[in-house]
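The primary structure of each chain is shown beneath.
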Number of protein chains: 4
Amino acid sequence: MSDVRGALSPRKSPVQARSTATIEALHVAAIQVLTKEGLARCTTTRVAHRAGMSVGSLYQYYPNRDALLAAVLEQHLDTVASAVSRCCREQHDKPVSDMASALVSTFLAAKLGNPAESKALYAVAGERGGAALVARVHTRMVEAIATMIATASDAHFVSPTDTAAISLNAVVGPVRALLEGHAPPEFEACLEVQLVRLLTAYLQSHCTPSKTGPTNTRGGRNPALERA
Amino acid sequence: MSDVRGALSPRKSPVQARSTATIEALHVAAIQVLTKEGLARCTTTRVAHRAGMSVGSLYQYYPNRDALLAAVLEQHLDTVASAVSRCCREQHDKPVSDMASALVSTFLAAKLGNPAESKALYAVAGERGGAALVARVHTRMVEAIATMIATASDAHFVSPTDTAAISLNAVVGPVRALLEGHAPPEFEACLEVQLVRLLTAYLQSHCTPSKTGPTNTRGGRNPALERA
Amino acid sequence: MSDVRGALSPRKSPVQARSTATIEALHVAAIQVLTKEGLARCTTTRVAHRAGMSVGSLYQYYPNRDALLAAVLEQHLDTVASAVSRCCREQHDKPVSDMASALVSTFLAAKLGNPAESKALYAVAGERGGAALVARVHTRMVEAIATMIATASDAHFVSPTDTAAISLNAVVGPVRALLEGHAPPEFEACLEVQLVRLLTAYLQSHCTPSKTGPTNTRGGRNPALERA
Amino acid sequence: MSDVRGALSPRKSPVQARSTATIEALHVAAIQVLTKEGLARCTTTRVAHRAGMSVGSLYQYYPNRDALLAAVLEQHLDTVASAVSRCCREQHDKPVSDMASALVSTFLAAKLGNPAESKALYAVAGERGGAALVARVHTRMVEAIATMIATASDAHFVSPTDTAAISLNAVVGPVRALLEGHAPPEFEACLEVQLVRLLTAYLQSHCTPSKTGPTNTRGGRNPALERA
DNA sequence: CATGAATGAGTCTTCATTCAT
DNA sequence: GATGAATGAAGACTCATTCAT
């Protein structure tokens, strides 16, 4: 990623307030253009003009179009990842059901807070540089989740990282389907409840029988799965 | 979707062997170019040349670039959807755990059989016409899954369609993450087992206690969820 | 024109009935396509298909697109020129007013009988080869008119050819304006009457005073003009 | 026409001197290419290059090829129409013979001043947008002429607009024939004199007999025509 | 520093023409 | 003879990027 950063990050460090404001304006403009025109028609000129400046100025802040888009994507992903990480830290040592609902509501809040933005950036994420960016952020979120679930009061995970990765992406899938219009709008109504149920059930399938009493038969319903 | 089809479907019906071969060559070439160059560089000229013909010939079969990409995407999605539908039909009246594993293995086989193709087409699915295509196919798969789970021998679903939509996308999420490189390659190793566990747990959270005997405490672990 | 003919005329002499019918079908189709699609979209493939044959067959009869269009134009122009020539022959030795009305009504009948055809062919006439074709036919009509007016019973023309050329084009102008939509449709209602008046007045301005009696003061209203 | 203008007018208002010069260069270049290559080969690239710039620059001033051609045509037509309008205003209240000669000489001066330009633009006038443009300008000229002849000191017109339309197009016809090469070059020598005679005779055929004395039998030579 | 005009390579798409079947 | 698939040159138009002002 380091070489990518070298090529794609802003030319200037945003030490000055003006730079920060300008960059922010560019990001907002980029998302608007992305939303209204689509990735292919999201041109540097259009973004600059919507941000109230000339193309030349845009190039003062980003070496090229890809760098701008990467920065916008990165900012979005960072926001999401930070929210998730913070949430995970707060749920340490809690039972998995708490973790599940906290994680789902945090993620949904972050992604559905600005659906247009989230949706628009999926296209950017699909381009050459985007996958690496997403991978990096996913790894970060997976680590946060893995660390969290490893502390669960009522479950034990043989491979927390794998479980975390599945958990994250099992939530990401339906959310993405909703944002990209692969599911009907009504789907949104039941989304949170169902995702919590999904995640809770998945995590609870790792519950330690001993912790809930000898007569309980829940944990390891399918012992074979425990190997994974 | 009908108007989209009108604009995007092949110009000639592939009744002749030659046409079929040519169209197949174009599809293969499109996927190769998509994989090696990315959506933005997947130009009609490049696809035609890789398919061993000139641009003009490509336009004899497709009215424009989008139509070609849509056709490739549609073919892929149809294959997947058909496999899923067939699988669902075969699992009617079985317990949810059977359904879960059948669904997961069928979906994985369809998607990971040709990972390059699957991956390449995600970008296409993000474009204007793609979302509608995906939505249509998703609906089809969701219906197949909903119909299947409604017959489950050991569970009752208040809203089979919603449960099916969540189930499908919860599986799609991790698979897509793997294909798009958002997860490490090692992830693949545990994918199937974990997805089966995820889906089984989710579906079993809807289990009817009465069906498995009075002493069983498994079903409806979290009764509150049963409302959804 | 001879070299043009060599390059643009049909490959086969239309001795066979089939050829004649085919060529006629092509001409009709060409005019239809010209009318509905415009010159730029009047392609060989489209014309052939509308004529119920394949492109290859079209090329059996015409060496290239320009030859086809030239032939269609030529046929149209020939029809008009023939009508005009015949009309002129019939008006020999009559007074100019008879000549004027006969000429106008013949020309209008020929041009406005199929307005779509006439209009469509103006575009063809504007292309490279068209001007020469038109010039040739104009010359023919001018000669016919000149020959006719030279026999007028009540006028004498110093330069019959020039007068004929002016006469022809003075009629062509308003007709073309109507066909090309440069004038409102209502214009058509008064067209014939006004053109007859125009032409009559023009030709009568050459009237020989002696021929109509000594007291008549009409002829040579403006004697200065008689020089031309 | 308004929607056409919206689509075909220049992108930038030529407020800056540079813009004006650039636009002028494009117009000149367009006419040159049109003249030397014909409408079909008058491509944006060729025009731009002849104007000493790249295609991209051309598109900075015109949204598409048609807009450029329309602008060139419009400029030409406006020049002609303005000259005609001014001329008409100056001939109010004069006898028709004065009006005829002024109109003819003004029109000839405007059209034959730059024959290449006039000729080249006939092709443009034939294209989709061109006809509307020409119609608009023709209407303007017809109105100016109608207003003028209505004030004639020695004639009365029942329908000045119709007479004006015929007058204009009767002059346009021969001029166009000359420019498009439908008439021999020698034709030009007698053109003005003959057109003046043509127009004078036509307009004088509407002369009020009373104005020129009771014994005069000229006016309304053919009383039937007076109805029109 | 900001501006935005200029550049020209690169896209999509069309079409006249040929030629194997 | 007829057919229509294949060709590829050419045209319209876009856009990332630069640089003179």
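The sections below set out a description of the structure shown in this document. Note that the structure is predicted; figures quoted are calculated from it, not measured.

How each quantity is defined
The numbering scheme is per chain: residues are counted from 1 as the chain's sequence reads. Numbering of ligands from 1 and lettering of chains from A proceed in the order in which they are written. Owing to the predicted nature of the model, reporting of local features is limited to residues with pLDDT of at least 70; listing and counting of side-chain atom pairs is limited to 80 or more, with chain, interface and lining totals taken over all residues. The basis for every side-chain value is the complete set of heavy atoms in the structure, and neither hydrogens nor water enter the calculation. Here, two residues are considered to be in contact whenever any of their heavy atoms come within 4.5 Å of each other. Each of two parts loses accessible area, computed with a 1.4 Å probe, when they are put together; buried area is these two losses added. Whenever Lys or Arg places a side-chain nitrogen within 4 Å of a carboxyl oxygen from Asp or Glu, that contact is recorded as a salt bridge. Under the rule applied, a polar contact is a pair of N or O atoms within 3.5 Å (in protein, one hydrogen donor and one hydrogen acceptor; residues adjacent in sequence only if both atoms are side-chain atoms). Helix and strand definitions follow DSSP, with helices as H or I runs of at least four residues and strands as E runs of at least two, each counted in order from the N terminus. Note that Gly is not counted as nonpolar here; it falls among the polar residues with everything else outside the nonpolar set of Ala, Val, Leu, Ile, Met, Phe, Trp, Tyr, Cys and Pro and the charged set of Asp, Glu, Lys and Arg. By this rule, a helix spans an expected 1.5 Å times one less than how many residues it contains. Burial classes follow relative accessibility: with a 1.4 Å probe on protein chains only, a residue under 20% of its type's maximum area counts as buried, one over 50% as exposed, and anything between as partly exposed. The least-squares superposition of copies is restricted to C-alpha atoms, and to residues with a pLDDT of at least 70 in both copies. With axes taken as lines fitted to C-alpha atoms, and helix axes fitted only over the stretch in contact, angles between N-to-C directions fall between 0 and 180 degrees. For classification purposes, an angle smaller than 35 degrees is called roughly parallel, one larger than 145 roughly antiparallel, one from 65 to 115 roughly perpendicular, and anything else oblique. Here a crossing is called left-handed whenever its near helix is offset anticlockwise from the far helix by less than a right angle, and right-handed whenever the offset is clockwise. Here, two cysteine sulfur atoms that lie within 2.5 Å of each other are counted as a disulfide. Points on a 1 Å grid over protein atoms alone make up a cavity when a 1.4 Å probe fits among them but cannot get out, and a pocket when they form an open set with protein on both sides within 12 Å along at least five of seven lines; lining residues each have an atom within 4 Å of a point. Grid points are joined across faces, edges and corners, and a volume is the space filled by probe spheres set on the points.

**Comments concerning the interface of chain A and chain B**
For step 1, the next point in the chain: Opposite the 37 residues of chain A that make contact, chain B presents 39 residues.
For step 2, the next point in the chain: Buried area between chain A and chain B, summed over both chains or domains, comes out near 3800 Å², and the portion from carbon and sulfur atoms is 62%.
For step 3, the next point in the chain: Summed over the shared surface of chain A and chain B, the number is two salt bridges.
For step 4, the next point in the chain: Counting the contacts that link chain A with chain B gives six residue pairs in polar contact (both at pLDDT 80 or more).
For step 5, the next point in the chain: Listed by contribution, the elements that provide at least two residues to the side of chain A that touches chain B are helix 8 (130-149), helix 9 (160-179) and helix 10 (187-204) of chain A.
For step 6, the next point in the chain: Among the residues forming the side of chain A that touches chain B, the class breakdown is 18 nonpolar, 10 polar and nine charged.

**Topic: helix 6 (residues 96-112) of chain D**
Residues and elements named next belong to chain D.
For step 1, the next point in the chain: Between its terminal C-alpha atoms helix 6 stretches 23 Å, which fits the 24 Å expected from 17 residues at 1.5 Å a residue.
For step 2, the next point in the chain: Those residues of helix 6 lying buried are Val96, Met99, Ala100, Ala102, Leu103, Val104, Thr106, Phe107, Leu108, Lys111 and Leu112.
For step 3, the next point in the chain: Elements in contact with the buried residues of helix 6: helix 5 (65-90), helix 7 (115-126), helix 8 (128-149), helix 9 (160-179) and helix 10 (187-204).

**Let's talk about the relation of the copies chain A and chain B**
For step 1, the next point in the chain: Between the two copies, chain A and chain B, the superposition gives an RMSD of 0.3 Å; the rotation angle is 179° and the shift along the axis is 0.2 Å. Both copies are brought into coincidence by an operation consistent with a two-fold rotation axis.
For step 2, the next point in the chain: A shared interface surface links the copies, since 95% of the contact residues of chain A are contact residues in chain B too.

**Topic: the packing of helix 5 (residues 65-90) of chain B against helix 7 (residues 115-126) of chain B**
All names here are of chain B.
For step 1, the next point in the chain: Viewed as axis vectors pointing N to C, helix 5 and helix 7 meet at an angle of 125°, and their least axial separation amounts to 10 Å. By the angle between their axes, helix 5 is oblique relative to helix 7. Along this stretch, helix 5 crosses helix 7, giving a crossing that reads as left-handed. Here Leu69, Val72, Leu73 and His76 of helix 5 lie close against helix 7, whose contacting residues are Glu117, Ser118, Leu121, Val124 and Ala125.
For step 2, the next point in the chain: Looking at the contact of helix 5 with helix 7, its residues break down into six nonpolar, two polar and one charged.

**Considerations on the pattern of salt bridges**
For step 1, the next point in the chain: Counted according to the given criterion, the structure contains 22 salt bridges over all chains.
For step 2, the next point in the chain: One salt bridge connects Arg136 of chain A with Glu74 of chain A, and the closest N-O pair in it is separated by 2.4 Å. Of this pair, Arg136 of chain A sits in helix 8 while Glu74 of chain A sits in helix 5 (residues 65-90), and the two are 62 residues apart along the sequence.
For step 3, the next point in the chain: Salt bridges here are not isolated pairs; linked through shared partners, they connect Arg176 and Glu180 of chain A together with Arg176 and Glu180 of chain B.

**As for unusual backbone geometry**
For step 1, the next point in the chain: Phi at Asp93 of chain C is positive, roughly 70°, even though this residue is not glycine.
For step 2, the next point in the chain: One can find Asp93 of chain C in the loop between helix 5 (65-90) and helix 6 (96-112).

**With respect to the state of the cysteines**
All names here are of chain B.
For step 1, the next point in the chain: One pass over the structure, following the stated rule, counts zero disulfides over all chains.
For step 2, the next point in the chain: No disulfide involves Cys87; its nearest neighbouring cysteine sulfur is the one of Cys88, lying 5.0 Å away.
For step 3, the next point in the chain: Exposure remark for Cys87: the relative accessible area of 4% places this residue in the buried category.

**Concerning the relation of the copies chain D and chain C**
Between the two copies of the chain lies a relationship made up of a rotation around an axis and a movement along it.
For step 1, the next point in the chain: After a rotation of 179° and a shift along the axis of 0.3 Å, chain D superposes on chain C with an RMSD of 0.4 Å.
For step 2, the next point in the chain: Counting the interface residues of chain D, we find that 90% of their copies in chain C are interface residues as well, pointing to one common contact surface.

**With respect to the interface of chain D and chain C**
For step 1, the next point in the chain: Taken residue by residue, the interface counts 39 residues in chain D and 37 residues in chain C.
For step 2, the next point in the chain: When chain D packs against chain C, the two sides together hide about 3800 Å² of surface, and 62% of this comes from carbon and sulfur.
For step 3, the next point in the chain: Linking chain D to chain C there are two salt bridges.
For step 4, the next point in the chain: Note that Arg176 of chain C is salt-bridged to Glu180 of chain D, the shortest N-O span being 3.6 Å.
For step 5, the next point in the chain: At the surface where chain D touches chain C, the tally comes to six residue pairs in polar contact (both at pLDDT 80 or more).
For step 6, the next point in the chain: Counting residues per element, the ones that place at least two in the side of chain D that touches chain C are helix 2 (17-37), helix 8, helix 9 and helix 10 of chain D.
For step 7, the next point in the chain: Tallying contributions element by element places helix 10 of chain D first for the side of chain D that touches chain C, with 11 residues.

**Focus: the layout of surface pockets**
For step 1, the next point in the chain: Counted as a void, the second largest pocket has a volume near 1500 Å³.
For step 2, the next point in the chain: Lining the second largest pocket are 46 residues, and of these Leu39 and Ala123 of chain C together with Leu39, Ala123 and Glu127 of chain D lie nearest its centre.
For step 3, the next point in the chain: When residues of the lining of the second largest pocket are traced back to their parent elements, those giving at least two are helix 2 (17-37), helix 5 and helix 7 (115-126) of chain C together with helix 2, helix 5, helix 7 and helix 8 of chain D.
For step 4, the next point in the chain: For the lining of the second largest pocket, the element with the most residues is helix 7 of chain C, which contributes seven residues.
For step 5, the next point in the chain: The residue inventory of the lining of the second largest pocket, partitioned by class, reads 19 nonpolar, eight polar and 19 charged.

**A closer look at the packing of helix 6 of chain C against helix 9 (residues 160-179) of chain C**
All names here are of chain C.
For step 1, the next point in the chain: One can describe the packing of helix 6 onto helix 9 by two numbers: an axis separation of 11 Å at closest approach and a directional angle of 35°. In this structure, the crossing between helix 6 and helix 9 has a hand that is right-handed. On helix 9, the residues that touch Val104, Phe107, Leu108, Lys111 and Leu112 of helix 6 are Leu168, Val171, Val172, Val175, Leu178 and Leu179.
For step 2, the next point in the chain: When grouped by side-chain class, the residues that make up the contact of helix 6 with helix 9 number 10 nonpolar, no polar and one charged.

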